[in-house]
Structure formats: structure tokens, C-alpha cells
Amino acid sequence: MTRLRALLPALAAAVCAVVVLLSVPVAVSTIFAVPLVFVLPGYALLEALELRTIGGAQRAVLVPALSVALAIAVALVVDFVPSGLTQRSWAIGLFAVVAAASGVAAVRGTSGIGLPRPVPLGLHRLDVVALVVAAAVLTGGVILVRTPLAAKHAQGYTILSLVHGRGSSIVVGVQSGEQRKLRYRLVVGAQNHVLYRNQNLILAPSERTTVRISLSRRGQPVTATLYRGKQKAVYRHVSLR
Amino acid sequence: MTDSVEATEQRIAAPSVFSGQSAAERPAGEPVFGRLPLLVATAAIGLLLVAVADARSRSMSSESQTLFWLGLIVVYAPIVGRLAHAAPRRLERLSLTVVLGLALYLVKVFRDPFGFTFADELVHAPNADAILRTHHLFHANAILEATPYYPGLESVTAALASLSGLTVYGAGLIVIGVARLLIVLALFLLVERLLGSARAGGLAVAVYAANSNFVFFSAQFSYESLALPLLVVALFAYGEWRGAPNRAARILYTVAIVLLTFAVVTTHHLTSYALAVTFIVIAIAYRLAGSRHDAPGGFAAFAVVAVGAWLVAVASTTVGYLTPVFTSAFHSVAQTISGESAPRQLFGGKAGSDTSGSGLVGRGAAVGGVAVLLVLYPFGARELWRRYRRDPFAVVLAIAGLLVFATYVARFAPQAWETANRSTEFLFLGLAVVVPLGIVHLGGRLAGNRFAVAAAAVLTLAFAGGVVSGWTPSLRLAQPYEISAGGNVVPSQGRAMASWALRVLGPGRRYAASDADARLLNTYADSVAIAGRHPDVADLLKSPTLESWELPLLREHDVRYVVTDRRRRAFDNTAGYFFGFRSGPLRDERLPKSAVRKFRRFDRIFDSGDIVIFKLVRR
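Residues numbered from 1 in each chain as written. Chains lettered and ligands numbered in written order. Predicted model: local features only at pLDDT ≥ 70, side-chain atom pairs only at ≥ 80, totals over all residues. Heavy atoms only, no water.

A. Looking closely at the overall build of chain B. For chain B, the helix and strand inventory stands at 24 helices and seven strands. With respect to the principal axes defined by its C-alpha atoms, chain B has extents near 85 × 55 × 50 Å. Considering only residue pairs separated by 6 or more positions, chain B has 73% of its internal contacts joining residues 24 or more positions apart. When the accessible surface of chain B is summed, it comes to about 21500 Å², and 62% of that surface belongs to carbon and sulfur atoms. Placing the 58 positive and 41 negative side-chain charges of chain B at their respective mean positions leaves the two points 2 Å apart. (Helix = DSSP H or I, 4+ residues; strand = E, 2+ residues; numbered from the N terminus. Contact = heavy atoms within 4.5 Å. Areas by Shrake-Rupley, 256 points an atom, 1.4 Å probe, with all protein chains shown as cover. Lys, Arg positive; Asp, Glu negative; His and termini not counted. Charge placed at Lys NZ, Arg CZ, Asp CG, Glu CD.)

Here it is, written out as C-alpha cells:
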């Protein structure tokens, strides 16, 4: 029974490896990837080395620390394999480490620490309330920090770009990083004649537009100039010589 | 995790200076987790205050420093007060140190909720991306050449990202979170083992959190942030190896130390040297003490061989990277001592990981924090000498703690500041052993609650001083990296430029750019962007005219695109990633237009106002 139980980490690693290789949502694959990287390799190694000889807190440190060390070792070894460090090779490599260590534990009969004794938590009603409040407050904090906020004093920007496209074409891009919806005038010219003109280009913040223009011959000098609203001053300017 | 709690508590409690109080003052029937739920709630409230301060800072409406500090203190002080109290049981103390470590880690995570923005993070993230993209280790890094040859952090991150589908940012947060968990747990257990007291273990973590790099620098996605916790775990394992009850445990810890040493060696150069030196010094201390039993001679030999082999076979570029750093620090200290150069003005340096801009209160906290540790150290050291002088491991750690004060002196030398600051997080491990003894010695006459309050107050001052010394005030809080405008999310100018470069120019392009822009390009445009002074891209981009050496330099490095940025902030690798102020006194200082105009004979393919990209191929 002890020998069979020694193979449990390998079984768990196999399950984790299979799940992460399936096309599952990131949240699900993360739940299975974390133990495969941070728990099972170190745990299996400690079982092979007689885990029961050390205390619970010691295990809590050594399991993730040795898992990290083994993950690094797996990376250095798998790097020599032609296919390299792919999702599949990571899964197989980490599973192999766990399986090997579990096998050693099974042969040595060193597995089996038993489940920890249930600890009498002794939680009072106030403790439960405190934990619920903590969870709620922390969730609120995380939501707050992950929410992009308005910053009216921030200096906005607009990007004007000009690059060669396929063949003799050019590609002009305008992207707004301004604080509000703006009206622009875009003029693209080549050797004193206008190739393209847009007097009423309106972009909202983060919006962008692209214009492709075919030239009569590749390599002729082209300029693109962007004006803001009705202003006469050049706002942005790019050129291909 | 709890099956041996009672046994361990009894085993380690016997010889300690802490033990009498601990046994006598513990109320009967105290629950295993004691006040843990309440203190988790206070920590969460503290974090919410930090989050609000960060939000106000991101919206550029207020610096909100007061709210930030209030949040930090609400996280730190109550937990430390409880750790100082005699009443809690071991499991509560252990849990509290975990809560403290992770809550302070979240302070950094809350600062950067959308992506990495620390200079070193934007060096390591491209390494991890390269592993994911090419499926192999050891790529070139245009900013810090040595980093790809220490792939420990990036390997683990790439493993998690590859298996889970998380981004490098998401996976990196988890990896560094695990590292933070490891360092607080391992330090607790190490000091508990050395001093025979769980209370000392808890206080040790509280003291260690007061080092100037704990809240920000050591929480960033950087190789040292993983290597240092692994070093502490190795030292903890050595402590357990010495006290192993049987041969099986001894073998287990031997394997653990060897594996952890290997992991440290492949993760970070300086940390691996520190580990080797620590084992060597402990082995020498054993010899001086006339004892060889339990000396770590074998571990020291293994560490030296592993470090040497890795350096020669894999990471030989490290020598060229580290030598100038130490040479310049050494010369700077010598010149400052001899009076050849003026000492560095504290609190007046350049922006970045510095304390420039600290107000009077901040400066008072920084000086007060050091003073507190300076006062507590001699009492702790005396107590340690009285009770533990036969333990060479404890004595070596105590001496390391003393060296912390030498690093404070070295901060006066201009070129040695960074080296001194970086070494603090290693040497503080020694203070974490000694200072709890000093606290108990000085406060021993106070009754339980008074002692806890006094200890919390003293350590909070030390902690605040550490935070002040560690990171420049304006960058402790979150900055506007992405903002909301017109119902849409707008990235900062540099970030938008990097996205444009990837989308339009494609990956693998070679750029010369300012420090901040280069890091964004390397991270988000899969490009090779050089920056800084080696080669001298900074002067090339700032100079008003195109000097004769500049184009040959760009050709030598096969640069195809020059990214000019008129914002002086773009040359600051800690502050250049965010939106600037539109107007007012905080508005960006700009380089003269000539710094951009000098490239006018080349194709000008991108213009976002401050940032202009030129393509260097002439037609």
C-alpha cells in the first residue's frame, strides 16, 4: 500500500500535465500548472528522500524551493533536445522528474507521511467576519489597481507614421493617444503635389487609421503632415527620402 | 504542515532567551491561529489604503504619500506587534510572517498592475519571451549581456507561462510571489533553529523587512529576487542539516543544499558568490572554533566548483560585466576617504532607486531607522555572544549584520552607492538574527502588551527608514502607465511606440534608443535595442549635432533605426515609461529640438511629438 501511495505524486503530475496540454481556459490550466511547477517535483523528491523525517514547516519551504530547482534543471536538460522548451516538453520533463522520484520512493518504501492531523482552528464568529472583510477589501483593492483611471493632467500624444508598403505603395498611419476625440487634417505629398488629403480625420482616444497610397514609382520622396483641428502649425511630420 | 508543530515548539524553545516569556505569558486555550484573522483584515485594509494612494497617483491628482505611508504602517505595525508578543503559538507566528511577506509584496504588485516597469524587469522579461519564442535558453540581451547566461528565473517563468498560457508578466508575478514566500518562511525557520525560538523567527522576518530593498527592489521580476530566497533556503537547509535527528534527514538536507546551490548558481552571479563565500566563512569559523563536526566544508567546495564551472563554461561575460562595477566602487570609496572626491550628498542624488526628494520626515525616518538598528545591534550582539558564541554559524551571521553599517558608510562614496545598497539585502540576514535579541534584551522588563507596542514602534521606524532609503518618493506610488480617456484605454507614449514598432516594422529589428524606450522595445517589440553609455547611445541621442563618431558607432552595432526622445525622463530607466504632466511645474524637461533635427537626412518614419524614429538607410 505504501509503495502504491508513493506513485500518487506521479499520478497527480500526469493529470496536471494532460490538463495543461488540453485547450482549456488559462484560469484552469494555471490551476494545474502551478502544482506541476511549484509543488509536485519537490514533493516527490522529498518522498524519495524520506519526507517523513522532517517537520511540516520544513516541508512547506523545501517543496516549492526544490521544485523551482528541479524546474531549472529540467530546462537545462531539455534545452539540449532539438524541439527545445515547448509546452509539451515542459509537461513531459516535469512529469518525468516526478515519476522518477515517485518510483524511487516506491522502491525504497520511503513514502507516506500521512495526512496532517486536523488542527483545531478555534475560529470565533469575529474571526470569520474578519476573514470575510479581508477578502472583500483585498478584492476591492485588486479591482481598483487593475482599473485604468482618467488622468486629466496627462500629456496626450498623436502618432503619425510613414513606411513603405508592398510594391511601390506607402502606408500612412495615424493613432490617437490624446485625452479626447480630436479632428485632424492629414496631407500626404510627393514633390510638390498632393497624393492624399483628408480635411476631416476624427479619432477618438486610442483609435487609429491607416491609409495606403500607391506611388507612380518606388523610392520617390514622400512626406506626410498632420495638422490639429484648424491650426496652421504642423502637429506631426514624417518623410521618406 | 502542522503535525510536528508542538514537537518542534518544545524542541527549539528550551535554550532561548525568548523561551521563558513565551511559555509563561501564553494564555491557556489560545487558539492555534490566535489573532491571525484579525491581522489578515488589518493587512488587507492597509493594502486598500495603498491601492487608493496608487490610484490617486495614477490619476495624477495627488502624490498621496501620506495615504501610502498610512497603508504601509497599517500592514506592518500590527503584525510586528503581534510577532513581538509572547502569546502567539508557533503556527500563528509562521502564518503572520507569511502574511507580512506577501502583503508587502502586493505593495509592489499594486504599483505595477498592468505590466513590468522596473528597469531590471524590462531586461529579464525579454529573456523569458525569447525562451518562449525560440524554445531555447541563452539568447543575447542588448541591455545586460550577462543576464541570459543565468536563466534560472526565466526558465521557471517560461515553464509556468508555457504550461498555463499566462503572459510572462502574470507568470513572473507568481514566481516572485513564491520566492517571497520562500524567503520569509526560510528566514523564520533558520532563525528559529539558530536561536531556539519561534518568536525570534517572527521578529527576524520583521527586521529583515526593514532592509531598504525588501518592499520594491527585491519584489521585482529580476534574477536576484529569486536567487536570494533560494540562498536563504539553502542556509536554512544547512541549519537543519546540522541538527538533523537521523541519517535519512541528513541525506535529505544534503541533497537539498546541493540542488539549491545549483539553482542559485544558475540564477544569479552575485548571489552564488555570496552563497559560496558564506559557506567558506562558516567553514573557517568552525576551524577557528576548533570544531569540524557540522562544518560546511563540503558544501563550500561544491559551491566553489559549481560557481567556477558555470562562470567558465557558460557565463564568462559576467567577468566583464561585474569587474567595472566593483572596480569603480572600490576606487570611489578610496577617493572619498582620501578626500580626492567629495562625498555623495545623501538624499540629494539623481532620480531612480535613490532617496532624492525625501522630505524632512522621510530623511528623519531614514536616519532614525538606521539609528534604531545601530542601538539595538550591540545589545543583540552581546546577547548572542553570551549564549550562542559556540555556534560558528550564528557568529558569522552576526558579523554579517555588523557589515550592514559599513554599507551605510559606503553610501557616501558616489560610485559605491549602488553596490552598498545592493549588498544590504544579503547582510541584513545577519541583522535579522542579532536585532531580535537586542529587542528582547532592552525591552525584557516591559510587560507583554507594552513590550509588543514598543517593539512594533521601534521596528516600524526601522522599516519606514528602509523604505525611504530604498526607492525615490515619486516612484514608490503607481504611475500613469495606462490611462482611461473617452471610455478607451490609452497606453503611455513609449509603450505605444513599442507596440507600433512590433506591428509595423516587425520583430528582430535593431534600434538605438533612450534607456526607457530601449527596454520597452526589447520587451514589447521583440527587438534588439541598445541604450545607455556602453556603447554611448545616451550621448549620441542627446547631442545637438551629429558627431563624427556617431554614425560609425551605429553601423558597428548594426543599428537600423534611431529612436529619439526629447523627454529627459526617457533617459531615466526607472521613470521613463509613464505619461508626463501636460503643464505645470512637473511638466517634462525636454532636450533641444536639434537633438532630433540632426538626423533629418534620414527617413523620418514615426513622430509622436516627443518620440521620433529615423530609419538609417539612405536612399
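B. Examining the pairing of strand β4 (residues 193–203) of chain A more closely. Residues and elements named next belong to chain A. Where strand β3 (residues 182–190) lies against β4, eight bridges are found, and the strand directions are antiparallel. By the bridge assignment for β4, alanine 190 is matched with histidine 193. Hairpin geometry of β3 and β4 is characterised by an intervening segment of two residues between the two adjacent antiparallel strands and by a positive phi of about 50 degrees at glutamine 191. (Pairing = 2+ DSSP bridges.)

C. Quick peek at the pattern of salt bridges. Residue and element names in this part refer to chain B. With the rule as written, the count across this model stands at 20 salt bridges over all chains. We note a salt bridge from lysine 108 to aspartate 112, for which the minimum N-O separation is 3.2 Å. Grouping residues by exposure puts lysine 108 and aspartate 112 together as buried. Aspartate 607 is the partner of arginine 604 in a salt bridge, and the nearest nitrogen-oxygen pair spans 2.9 Å. Connected through salt bridges with shared partners, the residues Lys108, Arg111, Asp112 and Glu121 form a single ionic network. (Salt bridge = Lys/Arg side-chain N within 4 Å of Asp/Glu carboxyl O. Buried < 20%, exposed > 50% of the residue type's maximum accessible area, 1.4 Å probe, protein only.)

D. The arrangement of the layout of surface pockets in detail. Residue and element names in this part refer to chain B. What the second largest pocket holds in volume is close to 810 Å³. Along the walls of the second largest pocket sit 29 residues, with Ser474, Arg569, Ala575, Leu586 and Asp588 positioned nearest its centre. Among the elements of the structure, α3 (36–58) and α19 (473–476) are those that each provide at least two residues to the lining of the second largest pocket. Residue composition of the lining of the second largest pocket, by class: 12 nonpolar, eight polar and nine charged. (1 Å grid on protein atoms, 1.4 Å probe; cavity = no way out; pocket = protein on both sides within 12 Å on 5 of 7 lines; lining within 4 Å. Points joined across faces, edges and corners; volume = space filled by probe spheres on them. Nonpolar A, V, L, I, M, F, W, Y, C, P; charged D, E, K, R; others polar.)

E. How the structure looks around the packing of helix α5 (residues 56–78) of chain A against helix α8 (residues 168–195) of chain B. Across the interface, α5 of chain A lies against α8 of chain B with an axial gap of 10 Å and an inter-helix angle of 145 degrees. Crossing hand, α5 of chain A versus α8 of chain B: left-handed. Residue-level contacts link Ala57, Gln58, Ala60, Val61, Pro64 and Ala65 of chain A of α5 of chain A to Val178, Leu182, Leu185, Ala186 and Leu189 of chain B of α8 of chain B. Each residue belonging to the contact of α5 of chain A with α8 of chain B can be placed in one class, and the counts come to 10 nonpolar, one polar and no charged. (Axes fitted to C-alpha atoms, helices over the stretch in contact; angles between N-to-C directions. Left-handed = near helix turned anticlockwise from the far one by under 90°.)

F. Examining the interface of chain B and chain A more closely. Tallying the contact residues gives 105 residues for chain B and 97 residues for chain A. Summed over both sides, the interface between chain B and chain A buries roughly 8500 Å², with carbon and sulfur atoms accounting for 69% of that surface. Applying the counting rule to chain B against chain A returns 26 residue pairs in polar contact (both at pLDDT 80 or more). If one sorts the elements of the side of chain B that touches chain A by residue count, α3 of chain B sits on top with 12 residues. (Buried area = accessible area lost by both parts, 1.4 Å probe. Polar contact = N/O pair within 3.5 Å; in protein donor to acceptor, adjacent residues only side chain to side chain.)

G. Region of the structure containing the nonpolar core. Core analysis: the biggest nonpolar cluster contains 255 residues, and Leu62 and Val172 of chain A together with Leu104 and Leu521 of chain B have the highest contact counts within it. The leading source of residues in this core is α8 of chain B, at 19 residues. Setting aside residues up to four positions removed in sequence, leucine 521 of chain B forms contacts with Met497, Ala498, Ala501, Tyr511, Ala513, Asp526, Ser527, Ala529 and Val563 of chain B. (Core = buried A, V, L, I, M, F, W, Y, C linked by side-chain atoms within 4.5 Å.)

H. Empty space enclosed by the protein, seen in detail. Residues and elements named next belong to chain B. One pass over the structure, following the stated rule, counts seven cavities of 30 Å³ or more. Of the voids in this model, the largest cavity is the one considered here, and its volume is about 100 Å³. Along the walls of the largest cavity sit Ile176, Ala179, Arg180, Ile183, Tyr208, Phe214, Ser218, Glu224, Ser225, Leu228, Pro229 and Glu425, which together make up its complete lining. For the lining of the largest cavity, the secondary structure elements donating two or more residues are α8 and α10 (223–242). For the lining of the largest cavity, a count of residues per class yields seven nonpolar, two polar and three charged. Approximately 70 Å³ is the volume attributed to the second largest cavity. Counting residues per element, the ones that place at least two in the lining of the second largest cavity are α15 (360–388) and α18 (448–470).

I. Structural context of the packing of aromatic side chains. Residue and element names in this part refer to chain B. Here the structure, examined in full by the defined rule, presents 25 aromatic pairs over all chains. On the numbers, 5.8 Å between centres and 90 degrees between planes, the contact of tyrosine 208 with phenylalanine 214 is edge-to-face. In terms of burial, tyrosine 208 and phenylalanine 214 fall into one category: buried. Relative to tyrosine 408, the ring of phenylalanine 405 lies with its centre 6.2 Å away and its plane at 55 degrees, an arrangement referred to as tilted. Note that phenylalanine 405 and tyrosine 408 are positioned in helix α16 (residues 392–410) at a spacing of three residues, about one turn of the helix. The same class applies to phenylalanine 405 as to tyrosine 408, namely buried. Site record: aromatic cluster; members linked through ring pairs are Phe68, Trp69, Phe118, Phe216 and Trp471. (Phe/Tyr/Trp six-rings, centres within 6.5 Å; stacked < 30°, edge-to-face > 60°.)

J. Structural view of the packing of α15 of chain B against helix α17 (residues 417–443) of chain B. Residues and elements named next belong to chain B. Direction vectors running N to C along α15 and α17 enclose 90 degrees, while the axes themselves pass 6 Å from each other. Here α17 runs roughly perpendicular to α15, going by the angle between their axes. Along the contact surface, α15 presents Leu373, Val375, Leu376, Tyr377, Phe379, Gly380, Ala381, Arg382, Glu383, Leu384 and Tyr388, while α17 presents Phe428, Leu431, Val433, Val434, Val435, Leu437, Gly438, Ile439, His441 and Leu442. The residue inventory of the contact of α15 with α17, partitioned by class, reads 16 nonpolar, three polar and two charged. (Parallel < 35°, antiparallel > 145°, perpendicular 65-115°, else oblique.)

K. Structural context of the side chain of aspartate 610 of chain B. All names here are of chain B. Tracing the chain through its elements places aspartate 610 in the loop between β6 (603–607) and β7 (611–615). You can call aspartate 610 buried: its relative accessible area is 7%. One polar contact links aspartate 610 to glutamine 493, side chain to side chain, over a distance of 3.2 Å. If we ignore the near neighbours within four places in the chain, the residues touching aspartate 610 are Gln493, Thr564, Asp565, Arg566, Arg567 and Arg590.

L. Examining α5 of chain A more closely. The end-to-end C-alpha distance of α5 of chain A is 32 Å, a good match for the 33 Å that 23 residues give at a rise of 1.5 Å each. Buried residues dominate α5 of chain A, accounting for 20 of its 23 residues. (Expected span 1.5 Å × (residues − 1).)

M. Local environment of the confidence of the model for chain B. Residues and elements named next belong to chain B. Chain-level pLDDT for chain B is 90 on average; 91% of the residues reach the 70-or-more range. Counted against residues more than four places away or in other chains, residues 350–354, with its pLDDT under 50, gives 17 contacts. The ipTM, which scores confidence in the relative placement of chains, is 0.93 for this predicted complex, and the corresponding pTM is 0.92. (pLDDT = per-residue confidence, 0-100.)

N. Examining a nonpolar patch on the surface more closely. A contiguous nonpolar patch, built from Leu121, Leu123, Val128, Leu131 and Val132 of chain A and spanning about 390 Å² of accessible area, is present on the exposed surface. You can see leucine 121 of chain A is positioned in the loop between α6 (87–108) and α7 (125–145). (Patch = residues over 30% accessible without salt bridge, like charges linked within 9 Å, V, L, I, M, F, W, Y side chains within 5 Å.)

O. Region of the structure containing a positive patch on the surface. Taken together, the side chains of Arg241 of chain A together with Lys593, Arg597 and Arg600 of chain B make up a positively charged region of the molecular surface. Within the secondary structure, lysine 593 of chain B is located in the loop between β5 (561–565) and α24 (594–597).

P. Layout of the side chain of glutamine 479 of chain B. All names here are of chain B. Here glutamine 479 lies in the loop between α19 and β1 (482–485). Judged by its relative accessible area of 18%, glutamine 479 falls in the buried class. Here the side chain of glutamine 479 touches serine 474 through a polar contact of 2.7 Å, landing on its backbone oxygen. Within the structure, glutamine 479 has its side chain in polar contact with the backbone oxygen of leucine 477 (distance 3.0 Å). In contact with glutamine 479, not counting residues within four places along its chain, are Ser57, Arg58, Arg111, Ser474 and Phe578.

Q. How the structure looks around helix α3 (residues 26–38) of chain A. The terminal C-alpha atoms of α3 of chain A lie 17 Å apart, and with 13 residues this matches the ideal 18 Å at 1.5 Å per residue to within 8%. At phenylalanine 32 of chain A, α3 of chain A shows its largest bend, some 25 degrees, and a proline, proline 35 of chain A, comes one to four positions later. Among the residues of α3 of chain A, Ser29, Thr30, Ala33, Leu36, Val37 and Phe38 of chain A are the ones counted as buried. As for α3 of chain A, its buried residues are in contact with α2 (8–21), α4 (40–48), α5 and α6 of chain A together with α7 (152–164) and α8 of chain B. (Bend = angle between axes of the 7 residues up to and from the residue.)

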